[in-house]
Amino acid sequence: MKSDFQFSNLLGTVYRQGNLVFINDGNTLISPVGNRVSVFDLINNKSFTFPYEHRRDVAAITVNKQGTLLMSVDEHGRAILVNFKARIVLHHFNFKSPVKAIEFSPDGHYFAVGCGKILQIWRTPNVLGDKQFAPFVRHAYYTGHYDDITSVSWSGDSQFVLTTSKDMTTRLYGVDRDRMDEVRMTLGGHRDDVVNAFFDEAQEVIYTVSKDGALFRWEYTSDPKSKEDEYEEEDEEDRSTDEDGRLQKPKKPESWRIVARHYFFSHSKLKCAAFHPKSNILVVGFSNGEFRLYELPTFTLIQQLSMGQNSVNTVSINASGEWLAFGSNTLGQLLVYEWQSESYILKQQGHFDAINALTYSPDGSRVVTAADDGKIKIWDVLSGFCLATFEEHSSAVTSVRFAKRGQVLFSSSLDGTVRAWDLIRFRNFRTFTAPERVQFGCLAVDPSGEVVCAGSLDDFQIHVWSVQTGALLDSLAGHEGPVSCLSFGQEGEAATTLASASWDKTIRVWNIFGRSQQVEPFEVYSEVLAIDMRPDGKEVAVSTLNGQILFWNVENGNQTNFIDAKRDIQVGRYSDDRFEAKNSKRGKCFSTISYSFDGLSLIAAGDNNSICLYDVKNSVLLRKFTVSLNMNLEGTLKKLNSKNLIEGGPIDLLDRDGENSDYEDRVDLKLPGSHRGDPSVRNIKAAVRVTSIAFSPGASSFAAASTEGLLIYSVDDSVNFDPFDLDIDITPASCLEMLEEREFLIAVVMSFRLNERYLIHRIYESIPLNEIDLIVADLPKVYVERLLRFIGELSLESQHIEFNLIWIKSILAAHGKYISAHKFEFSVATRMIQRFLARIAKDVVKTSVRNGYLAEFLLDTRTQQDSIRIEEILATLRSDGDKVLEDYRHNLDLLSACLSQANSNAGFRREIFQSQSVWVMLNQIFSFYLENSDARVVQDEIWQYRTRTVRGISLLARSMITACTAQDSSVQPYVENTHRNISSITRVSIAKLCDSSLSDSTRDLYVKLISSNFQFLTNLMNTKLGDEYHGTIDYKLAQDLLRRIAHVRDPGDAPLDLEFAEHGLYLINSLVDNEEFSFTLMDDQETFNLFLNALLNSFEEFSTNAAIEIEAAKDQDLNEIELLIVSICSKIITKPRFVTWIDTMDPFDGNMPNYLKLFQTIIVNRDPWISDQLIVLMTWLTTLFDRLNVDDNSVLTASLNKVLVSTLDSIASICQYEEVRQYISEYHYFVKFLDLLKMLSIKVPRKALKDSASKIQFPNTKSIIVEILTFLVHKNFKVQEAMRDLQGIEVILNNCNIDENEPFIKERSILCIKYLLENNQANQDFVAKLEAKKVTDDKVLSEAGYEVNIVDGKVKLKPPKPRSNPNE
């Protein structure tokens, strides 16, 4: 097993302190996590943590605009410069004072650092500039603040810097050294700490935000209160003259002045603020967890939300201004919010308390953690995100374990319960308790998942429950101290063996399903802290309090090996230790251990700073990992600095909160003396430790639950586990088990996960030839390169030349496009294949060419043999009696071999297709079956064998017809005869399938026969010969098929089968390609209605979204049936004949509204459309719109709304195409849509949020019309002008309100207004001149006593008169 594990990711925590940063693409968020930095890819749903560490917690981070350099600074001012792309540390630097703010300039040439009270500007290191000895060169050094700098902001042109400070001032500095004194200015006026300051996009306005909730707007202007006379007494010599020699008036002095003051009026302190200059959006966060969005300079409140009861410590806005990132360090919350759609992009939170336990899922794709806060979290290893959180436990969770298949999770807790969790529905489906209230400290689950065991800390017993019934099966007594740990074996007979360890210095091995529970304890000389059983169950390892790891043979109870681990453990010195680290006894043992999947390695960790990997057989330390370098944790330093030791004790442990400048930081509301439950409690310094550790199922990575979070170490730079879900443990034994069960694909994937060459080789050569294509087609792309490289290495020394070539051919056929698109990744594998082909395969090809005639003779002989087989089957069909059953069984085996050969060998398939005798015998079999279809009871055993034989012959014909070419006219009469026979058999079988008295086995046999016949007919329609059968196919067969799928049958008929429907729809999909068939179908009103009912019924019955309305299916993933329906409908609704059918139908008659819903779903899901199809679609959609004839006299009914919404939504979904927009403009439907919107705006009143009791009236129509108009006015000056002339702008403006009848109409109307005004000065002037015309009746304002009036086109709100009697 490999031992070169490297740190790959940090899970379990997402934010600690400091600022959040979006990189310039706006899709990636960087978050400081303790002394590390994590990166979250919000688009691809992935995350990673940089491998470097700071010696203290990170206080500030910044990224340059190019996204190539990352700089992080810790609490003591030590900075690390990192290549963001390569994840390589470039330079370490010490600013020698605490840094709270750092930021790169927009042009990337400088970065500004707030070091205490001083601002420093440094040049960004680069390879193109002047060669410098030092990587960092200081450009400027500014003083002036009297307290610590809290933020640094750059101007857009990188020429100016704004700094804010706790001294309640903001200072402006220039980067240009020649103008430093001219630019430098102090902006005062705030009465509390200034949190942040920003330039607007034009750099003409400065905004400053203070902690007391004040926002000041500054502009560079003269003092409006000053008088000109004050400057007229100036000496004439100092005054300038104009061209005529006259003295000019002196100019008023200009400076940055406050032009507006705004206040947030919050009861809590403002903690953070961010500003987006392009959109003028200001985001502020408060200490009560509230955050708000304002639009500047109008100071309009856009949104006001809360992320909890704890402070919002940092906020960041991405480059587009759409996503907002918030961080709260109290609970470690990280939130990314899209304010326009009011939805969360990312919402993550780590554990509040220390992690107690972890476990890998059987497929290794997930890790589950449990903590003292009573929560259980499921983490995705690949993405690093938390997938689910369980909070049902009321006390600390002590252990978690998966059942073997990975769908059930078990947990034990100090609240006295063991809970079982369903990971499919994410719920607690069973709770186990003991007869008495006890605390459970450990847990174990047998591999079958039938029994769960938990060890008690109170009565020292092991309680055993049945998972299925929840009943307590047994209580295993014997231990005389708290049970510290439990472990089951995983393979064979060991699956029933349970090992337990206790603080009574004993180990006990129990047979859970045995009759007697009397066991002999294994005596240990010290308390046992951890136990783990080797996967094969023959050995158990324990870690003891005296620092040893002991190994015991389970069968004979002998100790086989031991490791003295005290010398391997790295123990640090605590701040209050009076002795050196080497003399400390603290943490000199391991509290958690774990075997690898092969039992050859063991990993151990404990309450110290070490993770040790051991070779079990040789008792050798393979690798030692350091958990953390964070000096904020106890136990990471070997020596203490004497300057931190004073008379009162270590300076780090003194309570210095009273010296803080902020009142809320001075007040301590925590419980005194509390050690657990709050990592920020005073006088308590967290210590480095690992509470749980575990190997992944494939041993290519391991996870450690530490004080810093969940550390993932893997054998390469990325996480080793792909998202291919396997529901069983990945071990060599399970791989071979899958091979025996003929689950070849799973066996191949599992062998590659284990990466054991001998196992891959064995499984590779055990796969049958006829399974290769299927396995390669379904093989995940992550394994394609590895499989191809393995074949290239093996083929040079393997004698199975053809076998290897078949594998290579299948891989290239199935994954050729992917390999071509990723040539660099496959370069090594393809070179190996080329070498194999050049050295060996060429010789084989030459040999085969020389022996071509011999091969043809052998193939012809085999064809004759298969013809004899078919003759034997025909003779058997015409016989009867008991002996016939044996003949049927024998001939079915022959037919199966013949069918397998036809499916896998194209040459053989071609030969039997051209054989007229074979076709004659096939038709004789079909004719005989038709003649005797009613002569025997269907439940008769001989009939069942006969039907199975006919189905096999049909499948053979299906394979044969694929070998057809345009030149095969000689067999055309025989194919036509076969076509008629199979059509007749299908009609007879469909009629019998409707009989509800059939047994399940008989119905299943009929369905399989019909499905095979459909496959033949479908393949025939797709050949050159099939072109002649589209128009002459038995039309009654199509009618029977449609009637069966459409459920037009007697009430007692049997239900519809999925396989029947799927293959029937495949046949229909091929038929509608023919114009003659489509015309006949749509010309026959009754049959076409059957056709539409069949599609509608199939969509509703076999949709994966059965509980969802049809119109909502556009947001779902479509299954095979749905995709077929989309394909069929797409062909039908784009045929010109369909316009005629629409014109003859009543939109409100029968199923027509449901048909329109189906067409709407098809149009929305189908993409792209070509020009001719779009014209047909728009023709019948506009025809339907005209027939609805909605005007001022129309009654707005629910049925009208249903049809109108379907029609308009279909048009809106294809308005993205230029052809559609031209069609609407040329045929003046733009005016009709606008008139409809005007009418609806009058007849359908807006439904406010407060009117929740009232019913929704005529919903969604106005919103869709606004969406269509938005498409039309976008970059179309002609339509923009027409909208103004037709009073369309006023109509759109009137809909810029929240309306419960019309979801998102406000947002769509705002977007429409934006496009109306874009590059159109006339429209902009028109909107600017709009005035208020009248006051609508507002009951809320009237009831409150307010009076609304219009004065000079402006709305004035008159407050209510004060009441003389306060009791009124």
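Residues numbered from 1 in each chain as written. Predicted model: local features only at pLDDT ≥ 70, side-chain atom pairs only at ≥ 80, totals over all residues. Heavy atoms only, no water.

Regarding its fold elements, the protein chain presents 34 helices and 60 strands. Evaluated residue by residue, the protein chain yields a buried proportion of 51% over its 1368 residues. When the accessible area of the protein chain is evaluated, it comes to approximately 64500 Å², of which 48% is carbon and sulfur surface. (Helix = DSSP H or I, 4+ residues; strand = E, 2+ residues; numbered from the N terminus. Buried < 20%, exposed > 50% of the residue type's maximum accessible area, 1.4 Å probe, protein only. Areas by Shrake-Rupley, 256 points an atom, 1.4 Å probe, with all protein chains shown as cover.)

Turning to unusual backbone geometry, a few remarks are in order. The residue after Leu296, namely Pro297, is reached through a cis peptide bond having omega 5 degrees. Tracing the backbone shows Pro297 in the loop between strand E24 (290-295) and strand E25 (300-306). In this structure, Phe426 takes a positive phi of about 55 degrees despite not being glycine. Take Phe426: it is sitting in the loop between strand E36 (417-422) and strand E37 (427-433). Taking the relative accessible area as the measure of exposure, Phe426 reaches 35% and is therefore partly exposed. Backbone geometry places Phe460, a non-glycine residue, at a positive phi of 60 degrees. Mapped onto the elements, Phe460 comes out in the loop between strand E39 (451-456) and strand E40 (462-466). Here Phe460 falls in the partly exposed class, since its relative accessible area comes to 27%.

What follows is about the sheet that holds strand E14 (residues 149-154). Spatially, E14-E15-E16-E17 is the arrangement adopted by the four strands of the open sheet, whose pairing is antiparallel. A single partner strand is all that each edge strand has here, and the edge strands are E14 and strand E17 (185-187). Taking the axes of each pair of neighbouring strands and ignoring which way they run, one obtains an average angle of 20 degrees across the sheet. Note: E14 against strand E15 (residues 160-165), five bridges, orientation antiparallel. Of the residues in E15, the one forming a bridge with Ile149 is Ser165. (Pairing = 2+ DSSP bridges. Axes fitted to C-alpha atoms, helices over the stretch in contact; angles between N-to-C directions.)

This part takes up the nonpolar core. Residues Phe1091, Phe1138, Trp1141, Trp1180, Ile1214, Ile1224 and Ile1268 are the most contacted members of the largest nonpolar core, which totals 124 residues. In terms of residues, this core owes the most to one element, helix H17 (residues 1000-1021), which gives ten residues. Setting aside chain neighbours within four positions, we find Ile1224 in contact with Met1178, Ile1211, Cys1215, Tyr1229, Phe1230, Phe1233, Ile1268 and Leu1272. The next biggest cluster of nonpolar side chains, apart from the first, holds 58 residues, and it includes Leu10, Leu633, Val749 and Ile772. (Core = buried A, V, L, I, M, F, W, Y, C linked by side-chain atoms within 4.5 Å. Contact = heavy atoms within 4.5 Å.)

The strands making up a sheet are joined through hydrogen bonds of the backbone, oriented either antiparallel or parallel. If you trace the four strands from one edge of the open sheet to the other, you get E1-E58-E57-E56, paired in antiparallel fashion. At either end of the open sheet lies a strand with only one pairing partner, and these are strand E1 (6-11) and strand E56 (690-695). Going across the sheet, the axis of each strand differs from the next one's by a mean of 20 degrees, ignoring polarity. As paired elements, strand E57 (residues 701-706) and strand E58 (residues 709-714) share six bridges and run antiparallel to each other. Each residue of the ladder has a partner; that of Ala704, found in E58, is Leu711.

Let's shift gears to the state of the cysteines. Enumeration according to the criterion identifies zero disulfides in this entry. In this structure Cys485 is a free cysteine whose sulfur lies 6.4 Å from that of Cys442, the closest cysteine sulfur available. (Disulfide = S-S within 2.5 Å.)

Next up on the list: the pairing of strand E34 (residues 397-402). A regular strand places its side chains on the two faces of the sheet in alternate fashion. Counting buried positions along E34 gives five out of six residues, so the element sits mostly inside the fold. As judged from the five bridges shared by E34 and strand E35 (residues 408-413), these two strands associate in the antiparallel manner. Counted as the bridge partner of Phe402 is Leu409 from E35. Count of turn residues in the E34/E35 antiparallel hairpin: five residues, of which Gly406 carries a positive phi of about 85 degrees.

For strand E32 (residues 376-380) and strand E33 (residues 386-390), the ladder comprises four bridges, and the chain directions are antiparallel. Residue Ile376 lies in a different strand from E33, and its bridge partner there is Phe390. The loop that links E32 with its antiparallel partner E33 comprises five residues; one of these, Gly384, has a positive phi angle of about 80 degrees.

What follows concerns the environment of Gln1015. Along the polypeptide, Gln1015 turns up in helix H17. A relative accessible area of 19% means that Gln1015 is categorised as buried. Each C-alpha atom of the pair Gln1015 and Gly1064 lies 8.4 Å from the other, and the pair is 49 residues apart in sequence.

This part takes up helix H26 (residues 1198-1213). Between its terminal C-alpha atoms H26 stretches 22 Å, which fits the 22 Å expected from 16 residues at 1.5 Å a residue. The element H26 is largely enclosed, with a buried count of 13 among its 16 residues. (Expected span 1.5 Å × (residues − 1).)

Along the chain, Thr497 turns up in strand E43 (residues 497-502). What makes Thr497 buried here is its relative accessible area of 15%. Setting aside its immediate chain neighbours within four residues, Thr497 contacts Ser487, Phe488, Gly489, Val509, Trp510, Met533 and Val554.

Let's shift gears to the confidence of the model for the protein chain. Confidence along the protein chain averages 80 in pLDDT terms, with 80% of residues attaining 70 or more. Counting interchain partners and residues more than four positions distant, the pLDDT-below-50 stretch residues 677-683 has 16 contacts. (pLDDT = per-residue confidence, 0-100.)

With respect to the element layout, Ser798 can be found in the loop between helix H8 (784-795) and helix H9 (801-821). Given the relative accessible area of 11%, Ser798 is considered buried. Within the structure, Ser798 has its side chain in polar contact with the backbone nitrogen of His800 (distance 3.2 Å). Beyond its immediate sequence surroundings of up to four residues, Ser798 is in contact with Glu765 and Asn804. (Polar contact = N/O pair within 3.5 Å; in protein donor to acceptor, adjacent residues only side chain to side chain.)

Let us look at the packing of aromatic side chains. A full pass over the atoms with the stated rule returns 46 aromatic pairs. Clustering of aromatic rings is evident, with ring pairs tying together Phe5, Phe7, Phe625, Phe695, Phe702 and Tyr713. The side chain of Arg261 reaches across the aromatic face of Phe216, ending 5.1 Å from its centre. Positioned above the aromatic ring of Tyr1229, the side-chain terminus of Lys1232 is 4.3 Å from the ring centre. (Phe/Tyr/Trp six-rings, centres within 6.5 Å; stacked < 30°, edge-to-face > 60°. Lys NZ or Arg CZ within 6 Å of the ring centre and 35° of its normal.)

Let us look at the pattern of salt bridges. In the structure shown here, the tally under the stated rule is 18 salt bridges. A salt bridge links Lys375 to Glu391; the nearest nitrogen and oxygen atoms lie 3.9 Å apart. Placement of the pair is Lys375 in the loop between strand E31 (366-371) and E32 and Glu391 in the loop between E33 and E34, with a sequence separation of 16 residues. You can call Glu391 exposed: its relative accessible area is 53%. (Salt bridge = Lys/Arg side-chain N within 4 Å of Asp/Glu carboxyl O.)

The packing of two helices is summarised by the inter-axis angle and the distance between the axes. In contact at an axis separation of 9 Å, H26 and helix H29 (residues 1261-1273) are set at 20 degrees when each is read in the N-to-C sense. Classified by the angle between their axes, H26 and H29 sit roughly parallel to one another. Here the hand of the crossing between H26 and H29 comes out left-handed. Across the interface between the two elements, Asn1201, Leu1204, Val1205, Leu1208, Asp1209, Ile1211 and Ala1212 of H26 pack against Thr1261, Ile1264, Ile1265, Glu1267, Ile1268 and Phe1271 of H29. Grouping the constituent residues of the contact of H26 with H29 by class yields nine nonpolar, two polar and two charged. (Parallel < 35°, antiparallel > 145°, perpendicular 65-115°, else oblique. Left-handed = near helix turned anticlockwise from the far one by under 90°. Nonpolar A, V, L, I, M, F, W, Y, C, P; charged D, E, K, R; others polar.)

In this model, helix H25 (residues 1171-1188) (18 residues) spans 26 Å end to end at C-alpha, consistent with the 26 Å of a helix rising 1.5 Å per residue. Of the residues making up H25, those classed as buried are Gln1173, Leu1174, Val1176, Leu1177, Met1178, Trp1180, Leu1181, Thr1182, Thr1183, Leu1184, Phe1185 and Leu1188.

There is a patch of like negative charges on the surface, built from Glu737, Glu740, Glu741 and Glu743. Structurally, Glu743 can be placed in the loop between helix H4 (732-740) and helix H5 (744-754). (Patch = residues over 30% accessible without salt bridge, like charges linked within 9 Å, V, L, I, M, F, W, Y side chains within 5 Å. Lys, Arg positive; Asp, Glu negative; His and termini not counted. Charge placed at Lys NZ, Arg CZ, Asp CG, Glu CD.)

Following both chains from N to C, one finds helix H14 (residues 916-931) and helix H15 (residues 941-961) inclined at 145 degrees, their axes separated by 11 Å at the closest point. The handedness of the crossing between H14 and H15 is left-handed. In this structure, H14 uses Val918, Trp919, Leu922, Ile925, Phe926, Phe928 and Tyr929 to contact H15, whose residues at the interface are Trp943, Arg946, Thr947, Val950, Ile953, Ser954, Leu956, Ala957, Met960 and Ile961. Here the contact of H14 with H15 is built from residues that sort into 14 nonpolar, two polar and one charged.

Moving on, we come to the environment of Ala357. Looking at the element boundaries, Ala357 is found in strand E30 (residues 355-360). We classify Ala357 as buried; its relative accessible area is 5%. Placed 54 residues apart in sequence, Ala357 and Ser411 show a C-alpha to C-alpha distance of 9.7 Å. If we skip the residues at most four places from it in the chain, Ala357 touches Val368, Thr369, Ala370, Thr398, Ser399, Val400 and Ser692.

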